[in-house]
Amino acid sequence: MDYKSLPKPFYILAPMDDVTDVVFRRIVTECAEPDLFFTEFVNVDGLQSAGRDRVLNKLRKLASERSTVAQVWGKNPENYYKTAKELVQMGFVGIDINMGCPEKSIVGNGCCSAFILPENRSLASQVIEAVQSAVEGKIPVSVKTRLGFNEVDYSWHEHLLKHNLNMLTVHARTRKEMSKVPADWSKLEPIVKLRNQLSPSTLIVGNGDVTSRKQGFELASKHNIDGVMIGRGIFTDPFVFAKDSPWQDYSKEQKIELLKRHVELFDKTWMPGERNFDMLKKFAKVYINGFDGASDMRVHIMECKSAQELLEHIKTLQ
Ligand SMILES: Cc1cc2nc3c(=O)[nH]c(=O)nc-3n(C[C@H](O)[C@H](O)[C@H](O)COP(=O)(O)O)c2cc1C
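Residues numbered from 1 in each chain as written. Predicted model: local features only at pLDDT ≥ 70, side-chain atom pairs only at ≥ 80, totals over all residues.

**Student:** Talk me through the overall build of the chain; I want residue IDs and the actual numbers.
**Tutor:** Summing up its helical and strand segments, the chain has 15 helices and 8 strands in all. Seen along its three principal axes, the alpha-carbon backbone of the chain occupies a region of about 60 × 45 × 35 Å. When the 318 residues of the chain are sorted by exposure, 43% land in the buried category. (Helix = DSSP H or I, 4+ residues; strand = E, 2+ residues; numbered from the N terminus. Buried ≥ 20, exposed ≤ 12 C-beta atoms within 10 Å, placed from the backbone.)

Following this line, the structure appears as structure tokens:
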């Protein structure tokens, strides 16, 4: 896929660890499909080690998926290189490098948002170059990052824009801000200006606090952004990418049916132990919401110990 053929603005479901697996991507496709999906972030150093099998689950995808980008993180450029070669073979439409995750343990290890720090920028360059040389132009390479580490720092985006990236996603907060303050999309404007000067073909994607397609459209238009990435907005509306979301009018029965579909797909896709069942139950918050008795229903759902038990329980609700 050539990202340049995407509509303006285009919409992306954000990478979310333990959330955007092959099952949830299918649910979102059935509700209202974005232009691009991202996998959960996948550790290249883990993938190229004895623990490979566990990491591979995060890369599971359907042959029919034609718009899924693999997101990777890690430290070793050689492992990025080897992984990128594999991802091309696996049929991902692009590779995105995570240079924004603020998690203390990850940053302490010099990965993700630690790349923003000036002392780590030459390693960041090596990582990008390793992935670009592995893919040999066959699929696009992008980076997802933040406004800065402790404060907004456009020298970081200038550094990135010298690497001929196909796309650059910026979560409109610094690493220090985590997710504690509102995202400020106006701070993306200098990055768009830098892009115009340094790398006109790099698409800029904005991310942070978007809860509807319309709001994303307005933000993109106002700040001259090419694409809109939505993460947690999918939790309050599984149809968030729809032009006219039906979610507000969804009945209790329809919501239970959607949860059932998710659990059935989970059960068919994952063997016991391959995927954390407790994470599946957290989706109950998404679907079982906004009607009388929803909170009691969620309490009972949380007591289930397996997908099978949960499916039996859902039958009693229908
Ligand atoms: C549960 C969860 C898991 C996340 N995992 C990832 C990840 O694997 N890779 C990544 O780049 N960002 C990850 N993020 C950050 C989101 O992609 C996104 O940047 C952030 O949530 C802000 O966007 P939003 O306000 O639309 O949710 C995660 C966020 C959440 C809530």
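**Student:** Report on helix 4 (residues 77–90), specifying residues and quantitative values.
**Tutor:** Under the 1.5 Å per step criterion, the end-to-end length of helix 4 is 20 Å for 14 residues, consistent within 8% with the ideal 20 Å. By the burial criterion, the buried members of helix 4 are Pro 77, Asn 79, Tyr 80, Tyr 81, Thr 83, Ala 84 and Leu 87. (Expected span 1.5 Å × (residues − 1).)

**Student:** Could you give an account of the pairing of strand 6 (residues 167–171), naming the residues involved and the relevant values?
**Tutor:** The element strand 6 is extensively covered by neighbouring structure, given that 5 of its 5 residues are classed as buried. Alternating residues of strand 6 divide into Met 167, Thr 169 and His 171 and Leu 168 and Val 170, and every residue in both groups is buried. Taken together, the 5 bridges between strand 5 (residues 141–146) and strand 6 define a ladder with parallel strand orientation. Note that in strand 6 the partner of Lys 144 across the bridge is Thr 169. Taken together, strand 5, helix 7 (residues 154–161) and strand 6 constitute a β-α-β crossover, and its handedness is right-handed. Of the strand pairs in this sheet, strand 6 and strand 7 (residues 203–207) are connected by 5 bridges, and their pairing is parallel. (Pairing = 2+ DSSP bridges. Right-handed = clockwise from strand over helix to strand, strands pointing away.)

**Student:** Give a detailed account of helix 15 (residues 307–317), specifying residues and quantitative values.
**Tutor:** For helix 15, the set of buried residues is Ala 307, Leu 310 and Ile 314. End-on, the buried residues of helix 15 take up no more than an arc of 55°, which puts them together on one face. Exposed residues pointing more than 90 degrees away from the buried face of helix 15 are listed as Gln 308, Glu 309, Glu 312, Lys 315 and Thr 316. Next to the buried residues of helix 15 lie helix 11 (252–269), helix 12 (277–282) and helix 14 (294–302). (Arc of directions from axis to C-beta. Contact = placed C-beta atoms within 7 Å.)

**Student:** A description of the site of the ligand should follow, citing residues and the corresponding values.
**Tutor:** Not every one of the 21 residues close to the ligand is listed here, only the nearest: Ala 14, Met 16, Phe 41, Gly 231 and Arg 232. Within the shell around the ligand, the residues separate by chemical class into 8 nonpolar, 8 polar and 5 charged. (Near = placed C-beta within 6 Å. Nonpolar A, V, L, I, M, F, W, Y, C, P; charged D, E, K, R; others polar.)

**Student:** Report on the domain arrangement of the chain, specifying residues and quantitative values.
**Tutor:** Here the domain parsing of the chain yields domain 1 (3–236) and domain 2 (250–317). Each of domain 1 and domain 2 was reduced to a C-alpha centroid, and the two centroids are 29 Å apart. At 4 residues, the largest contribution of residues to the side of domain 1 that touches domain 2 is made by helix 1 (residues 22–31). Among the residues forming the side of domain 1 that touches domain 2, the class breakdown is 4 nonpolar, 1 polar and 3 charged. (Domains from an automatic or database assignment.)

**Student:** Residues and numbers for the sheet that holds strand 2 (residues 36–43), please.
**Tutor:** An order of 1-2-3-4-5-6-7-8 is seen for the 8 strands of this closed barrel, with the pairing classed as parallel. Sheet twist, expressed as the mean angle between neighbouring strand axes with direction ignored, is 25°. Along the sheet, helix 9 (residues 213–223) makes contact with strand 1 (10–13), strand 7 and strand 8 (227–230), crossing strand 8 at roughly 140°. (Axes fitted to C-alpha atoms, helices over the stretch in contact; angles between N-to-C directions.)

**Student:** Go over the pairing of strand 3 (residues 68–73) with me, naming the residues and quoting the values.
**Tutor:** Counting buried positions along strand 3 yields 6 of 6 residues, so the element is predominantly enclosed. Along strand 3, one buried face is formed by Thr 68, Ala 70 and Val 72 and the opposite face, lined by Val 69, Gln 71 and Trp 73, is buried too. Judged from the 5 bridges that link them, strand 2 and strand 3 form a sheet pairing that is parallel. Looking across to strand 3, one finds that Phe 41 is bridged to Gln 71. In this structure, strand 3 lies alongside strand 4 (residues 94–99), joined through 4 bridges in parallel fashion. Note on strand 4: the bridge partner recorded for Ala 70 is Ile 95. Where the polypeptide runs from strand 3 across helix 4 and back to strand 4, its parallel neighbour, the crossover connection is right-handed.

**Student:** How would you sum up the packing of helix 1 against helix 11? Please name residues and give values.
**Tutor:** Contact pair helix 1 / helix 11: the axes reach a minimum separation of 9 Å and the direction vectors enclose 145°. Where helix 1 crosses over helix 11, the two elements pack in a sense that is right-handed. Touching Val 22, Val 23, Arg 26 and Ile 27 of helix 1 are Arg 261, His 262, Leu 265, Phe 266 and Thr 269, all from helix 11. Tallied by class, the residues present in the contact of helix 1 with helix 11 amount to 5 nonpolar, 2 polar and 2 charged. (Left-handed = near helix turned anticlockwise from the far one by under 90°.)

**Student:** If you had to explain unusual backbone geometry to someone new, which residues and values would you point to?
**Tutor:** The omega torsion of the bond from Lys 8 to Pro 9 falls at -10°, within 30 degrees of zero and hence cis. Phi angles above zero are rare outside glycine, and Glu 136 is one such case at about 50°. Summarising the element assignment, Glu 136 is placed in the loop between helix 6 (121–135) and strand 5. Under the C-beta neighbour-count criterion, Glu 136 is labelled exposed, with 10 such atoms within 10 Å. Here Asn 164, not a glycine, exhibits a phi torsion of approximately 55°, which is positive. Relative to the helices and strands, Asn 164 resides in the loop between helix 7 and strand 6.

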